[in-house]
Amino acid sequence: QVQLVESGGGLVQAGGSLRLSCTASGGTFSRIDMGWFRQAPGKEREFVTTITWANRIAYAESVKGRFTISRDNAQNTVYLQMNSLKPDDTAVYYCAAVRNLGWAPKVVVAQYDYWGQGAQVTVSS
C-alpha cells in the first residue's frame, strides 16, 4: 500500500507560480510511476503530467511549457512547479502513483492505483 500526502496548494494571481509536493510512503519510490491530475468543479479529473520511475515525462498540451514535474527519490517526493498560471488552471490537484508496470508514461486516471487527498489551487484573474 502506498500513501500519498500533498502540500503546496493555495491562491495566486494569474501569471504567478506555485509548487506542489507529494510525498509517498509504503513502497519502493524509485520503482513507482508518479502523476498529477486535476479536477475542476463540474468537470472530470484530467491528466496534467507524469514522470515514470525511469524519468520519462509527459505533459498535457494545456500545461506544456508552463508546468514542470520532477522527482527526488531520496526524499520519496514528486514536485509540480507551475508557472504562468491561468484562471483555467484552478482545480483540485491530485497526486497519483502506480507501481511500475512498463516503460510508457501513464496518462489515464484508471492506470493509477493510489491517490493523494488533493490540493486546491485557485488562480484569480
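A. Main features of the pattern of salt bridges. In total, this model carries five salt bridges according to the counting rule given. Note that lysine 106 and aspartate 33 form a salt bridge whose closest N and O atoms lie 2.6 Å from each other. Residue lysine 106 is located in the loop between β9 (91-99) and β10 (114-115), and its partner aspartate 33 is located in strand β4 (residues 32-39); the two are separated by 73 residues in the primary sequence. What makes lysine 106 buried here is its relative accessible area of 7%. Here aspartate 89 makes a salt bridge to arginine 66, at a shortest N to O gap of 2.7 Å. Highlighted residues: aspartate 89 in the loop between β8 (77-82) and β9 and arginine 66 in the loop between β6 (57-59) and β7 (67-72), separated in sequence by 23 residues. The buried category is assigned to aspartate 89, whose relative accessible area is 2%. Because the salt bridges share partners, they merge into one network encompassing Arg38, Glu46, Arg66 and Asp89.

B. Examining the nonpolar core more closely. Judged by nonpolar contacts, the single largest core of 35 residues is most densely connected at Leu4, Met34, Trp36, Met82 and Tyr93. Where this core is concerned, the elements lending two or more residues are β3 (18-25), β4, β5 (46-51), β7, β8, β9 and β11 (119-124). The dominant element in this core, judged by the number of residues it contributes, is β9, at six residues. Excluding residues within four positions of it along the chain, methionine 34 makes contact with Leu4, Cys22, Phe29, Thr50, Ile51, Ile69, Arg71, Val78, Cys95, Ala96, Ala97 and Tyr112.

C. Broad picture of the packing of aromatic side chains. On inspection of all chains with the given rule, the structure shows five aromatic pairs. An aromatic cluster of three or more residues is present, and its members are Phe37, Phe47, Tyr112 and Trp115. In this structure, arginine 71 is placed above the aromatic ring of phenylalanine 29, and the distance from its NZ or CZ to the ring centre is 4.5 Å.

D. Looking closely at the pairing of strand β1 (residues 3-7). Here β1 shows a buried face lined by Leu4 and Glu6 and an unburied face lined by Gln3, Val5 and Ser7. Two strands pair when backbone bridges link them, and β1 and β3 are joined in this way by five bridges, in the antiparallel orientation. Looking at β3, one finds that leucine 4 is bridged to alanine 24.

Calculation rules
Residues numbered from 1 in each chain as written. Predicted model: local features only at pLDDT ≥ 70, side-chain atom pairs only at ≥ 80, totals over all residues. Heavy atoms only, no water. Salt bridge = Lys/Arg side-chain N within 4 Å of Asp/Glu carboxyl O. Helix = DSSP H or I, 4+ residues; strand = E, 2+ residues; numbered from the N terminus. Buried < 20%, exposed > 50% of the residue type's maximum accessible area, 1.4 Å probe, protein only. Core = buried A, V, L, I, M, F, W, Y, C linked by side-chain atoms within 4.5 Å. Contact = heavy atoms within 4.5 Å. Phe/Tyr/Trp six-rings, centres within 6.5 Å; stacked < 30°, edge-to-face > 60°. Lys NZ or Arg CZ within 6 Å of the ring centre and 35° of its normal. Pairing = 2+ DSSP bridges.

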